[in-house]
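# Summary of structural features
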Amino acid sequence: MAHLNTHPIYDPAKTYDDNFDNGPFGAFANPVRFVNDGEPRHSFLGFPIYEPFGIPAGPLLNGRYVSAALTKGFDVVVYKTQRTKRFNVNAFPNVLYVDVPGDLTLEKASQPLHGQTTPPADQANLTITNSFGNPSRGPEFWVPDLKDTLQSEGKGQLIISSVVGTIREDASQADYYADFAHAAELAASTGVKAVEINLSCPNVAGEGILCYTPSAVEDIADRVKRAIGDTPLIVKLGYFSKEQDSLLRAVVSNLAPYAAALSVINTIPAPVVDEHGNQALPGQGRLSSGMCGASIKWAGLDLVNRLSELRNKRGYSYEIIGVGGVMTPDDYQEYRMAGADVVQSATGAMWDPELAAKIKRS
Ligand SMILES: Cc1cc2nc3c(=O)[nH]c(=O)nc-3n(C[C@H](O)[C@H](O)[C@H](O)COP(=O)(O)O)c2cc1C
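All figures in this text were calculated on a predicted structure; none of them were measured in a lab. (Residues numbered from 1 in each chain as written. Predicted model: local features only at pLDDT ≥ 70, side-chain atom pairs only at ≥ 80, totals over all residues. Heavy atoms only, no water.)

## Re the sheet that holds strand E15 (residues 342-344)
Rule in force here: At least two DSSP bridges between two strands are required for those strands to pair. Each helix corresponds to a stretch of at least 4 residues labelled H or I by DSSP, and each strand to a stretch of at least 2 residues labelled E; elements are numbered beginning at the N terminus. For helices, the fitted axis covers only the stretch in contact; all axes are lines through C-alpha atoms, and the angles between them, taken along N-to-C directions, range from 0 to 180 degrees.
Ordered in space as E3-E4-E8-E9-E10-E11-E14-E15, the eight strands form a closed barrel in which the pairing is parallel. Between one strand axis and the next, the sheet turns through 25° on average, direction left out of account. Inspection of the sheet shows strand E11 (residues 261-264) paired to strand E14 (residues 319-323) by four bridges, in the parallel sense. Bridging across to E14, valine 264 finds its partner in glycine 322.

Spelled out as structure tokens, the structure:
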């Protein structure tokens, strides 16, 4: 049993703004550097990489977090998803621990789960829900911050910028899709080497989640790619169940001309309640929120396996970023074996900031 670290880089007991302004915390707050030696032996999107491991969009709230992650040896890191305008964070709390014994199957995720502020004792049982709503301080803040942060990208390391479109009142679906392209263009203007779009978000026309709508996915990818030119595009997708396999094939076929890499998976949504059975996170539309950590590894691995198989069968050239429940060096290896070119950990890395160093030493 690996005891859970009590000093994560993001403190769930503090507000998002407090974490944003005063973090990172825990081991990320100390400047002791992991030194990569020798030459980078891997590559991703054509860039040399020491270890194809890092942190996906989310835990790295701003440039200070990104720089700290690079210092600790995470070589492929994503600056948290940003927007073309300032956008407020959802009401506090934004992170709760969720009690999930074993795998969070889709069956289990359809039933209310118990959210709490007390962490589990063991890292292997660490599942959390996060519900931020993709806050952004607006391009006035993040564009110059990201530009400055690119200075801390060392040899064999890669910083990725993640963006999302914003649904505005009275705006059309086309305006929403165009806003993805505008956000991606702002990201590329910083000189960042790769741009990621988060498609695990609602569609303006109420057709559900964008990544499950092949025409929306293609329209957005086309607009974004025209806006960022030669900068490689990464597309982040949610989990596709076995029943959604033909939908997955349609989405991948539509993305193949545009995406240099696919990143899977985002969180798995589930209803979260408190000890009295009431909605745990305050506010409209927040009964269901995204689950991440140890219990979703099965789903990330499954989708990486299927995308890898599809790539071989159809001769696609996209690279695969495997995300979901990576808590240990063994989990990292499992994803690599499944076909992931790069592996990233959000929850695992937040509570184990030495995870990259452990992987490199193992
Ligand atoms: C605190 C936190 C914030 C997140 N924010 C984002 C985000 O801004 N954009 C995004 O695409 N995914 C976001 N995610 C999802 C992660 O990138 C990842 O897909 C998910 O957490 C599964 O990985 P894990 O099991 O390693 O946590 C966030 C996750 C966490 C834990």
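Once the structure has been displayed, the description carries forward.
## Some words on the side chain of aspartate 331
Cut-off, in case you're wondering: The definition of a polar contact used here is a pair of N or O atoms within 3.5 Å, where within protein one atom must be able to donate a hydrogen and the other to accept one, and adjacent residues in sequence count solely through side-chain atom pairs. In what follows, residue pairs with any heavy atoms lying within 4.5 Å of each other are defined as contacts.
Assignment of secondary structure puts aspartate 331 in helix H9 (residues 329-338). Engagement of the side chain of aspartate 331 in a polar contact is seen with the backbone nitrogen of methionine 327, the distance being 2.8 Å. Residues contacting aspartate 331, with those up to four places away along its chain left out, are Lys297, Gly325 and Val326.

## Some words on the packing of helix H6 (residues 214-228) against helix H7 (residues 245-255)
Keep this limit in mind: The labels follow the angle: roughly parallel below 35 degrees, roughly antiparallel above 145, roughly perpendicular from 65 to 115, and oblique for the rest. Here is the rule for handedness: rotate from the far helix to the near one, and if that takes an anticlockwise turn smaller than a right angle the crossing is left-handed, while a clockwise turn gives right-handed. Think of it as three bins: nonpolar holds Ala, Val, Leu, Ile, Met, Phe, Trp, Tyr, Cys and Pro, charged holds Asp, Glu, Lys and Arg, and polar takes everything else, Gly as well.
Their axes nearest at 9 Å, the elements H6 and H7 cross at an angle of 15°. The orientation of H6 with respect to H7, classified from their angle, is roughly parallel. Relative to H7, H6 is oriented so that their crossing is right-handed. Across from Pro214, Ser215, Val217, Glu218 and Ala221 in H6, the residues of H7 making contact are Leu247, Ala250, Val251, Asn254 and Leu255. For the contact of H6 with H7, the per-class residue count stands at seven nonpolar, two polar and one charged.

## Some details on the side chain of serine 295
As a reminder of what qualifies: Think of it in three bands: with a 1.4 Å probe and only protein chains considered, a residue is buried below 20% of the maximum accessible area for its type, exposed above 50%, and partly exposed in between.
Position of serine 295 relative to the elements: it lies in the loop between strand E13 (288-293) and helix H8 (297-314). Judged by relative accessible area, which is 2%, serine 295 ranks as buried. There is a polar contact of 2.8 Å between the side chain of serine 295 and the side chain of threonine 127.

## What to know about the packing of aromatic side chains
Counted only if it meets this: Stacked, tilted and edge-to-face are the three classes assigned to paired rings of Phe, Tyr and Trp, where Trp is represented by its six-membered ring and a pair needs centres within 6.5 Å; plane angles under 30 degrees give stacked, over 60 edge-to-face, the rest tilted. For a lysine, the NZ atom is tested; for an arginine, the CZ atom; a charge sits over a ring if that atom is within 6 Å of the ring centre and within 35 degrees of the ring normal.
Following the criterion strictly, the structure yields 13 aromatic pairs and no others. Judged by centre distance (5.3 Å) and plane angle (70°), the rings of tyrosine 239 and tryptophan 298 are edge-to-face. Remark: tryptophan 298 occurs in helix H8 and tyrosine 239 occurs in the loop between strand E10 (233-237) and H7; sequence separation between them is 59 residues. Residue classification places tryptophan 298 among the partly exposed positions, given a relative accessible area of 24%. Of the aromatic side chains, those joined through ring pairs into one cluster are Tyr10, Tyr16, Phe20, Phe132 and Phe141. Between lysine 14 and the ring centre of phenylalanine 25, over which it is positioned, the NZ or CZ distance is 4.9 Å. The ring of phenylalanine 47 has lysine 193 lying over it, and the distance from NZ or CZ to the ring centre is 5.4 Å.

## Comments concerning the sheet that holds strand E12 (residues 268-273)
In space, the five strands of this closed barrel follow the order E5-E6-E12-E13-E7, with mixed pairing throughout. For this sheet, the mean angle separating the axes of adjacent strands, direction not counted, is 55°. Alignment of strand E5 (residues 95-98) against strand E6 (residues 113-116), held across two bridges, turns out to be antiparallel. If you follow tyrosine 97 over to E6, its bridge partner there is glutamine 116.

## Quick notes on the site of the ligand
Operational definition: To be near a molecule or strand, a residue needs just one of its heavy atoms within 4 Å of it. Each accessible area value is a Shrake-Rupley result obtained with a 1.4 Å probe; residue values ignore everything except the protein chains displayed when judging cover.
Around the ligand, the surrounding shell holds 24 residues, and the nearest of these are Ala57, Lys80, Thr81, Gly325 and Thr347. Within the contact set of the ligand, an oxygen atom lies 2.8 Å away from a backbone nitrogen or oxygen of isoleucine 265. Glycine 325 places a main-chain nitrogen or oxygen 2.7 Å from an oxygen atom of the ligand. Computed on the free molecule, the ligand has an accessible area of 610 Å², of which 98% lies beneath the protein chains in the complex. Mapped onto the shell around the ligand, the elements with two or more residues apiece are strand E4 (76-82), strand E7 (127-130), E13 and helix H10 (347-351). Of the residues contributing to the shell around the ligand, the split by class is ten nonpolar, twelve polar and two charged.

## Quick notes on the pairing of strand E9 (residues 194-198)
Put simply, side chains in a regular strand alternate between the two faces of the sheet. What counts here: With the strands aimed away from the viewer, a crossover counts as right-handed if its path from the first strand over the helix to the second runs clockwise.
Of all five residues in E9, five are buried; the element is thus mostly enclosed. By the bridge criterion, four bridges tie strand E8 (residues 158-163) to E9 in an arrangement that is parallel. Looking at E9, one finds that serine 161 is bridged to valine 195. The handedness of the E8 to E9 crossover, carried by helix H5 (residues 173-189), is right-handed.

## Focus on H5
For clarity, the cut-off: Expected span of a helix, by definition, is 1.5 Å for each gap between consecutive residues, and there is one gap fewer than residues.
With 17 residues, H5 extends 25 Å between its outermost C-alpha atoms, agreeing within 8% with the 24 Å of an ideal straight helix rising 1.5 Å per residue. Considered for burial, the residues of H5 that qualify are Tyr176, Tyr177, Asp179, Phe180, Ala181, Ala183, Ala184, Leu186 and Ala187. Summarising the contacts, the buried residues of H5 are in contact with helix H4 (139-149), E8, E9 and H6.

## Remarks on the nonpolar core
For the record, the criterion: Only buried Ala, Val, Leu, Ile, Met, Phe, Trp, Tyr and Cys residues count toward a nonpolar core, and they belong to the same one when joined by side-chain atoms within 4.5 Å.
Ranked by internal contacts, the top residues of the largest apolar core, which has 102 residues, are Phe74 and Phe180. Here this core gets eight residues from one element, more than from any other, and that element is H5. Contacts of phenylalanine 180, omitting those with residues within four sequence positions, involve Val163, Val164, Gly165, Ile197, Asn198, Leu199, Cys201, Leu210, Ile220 and Val224.

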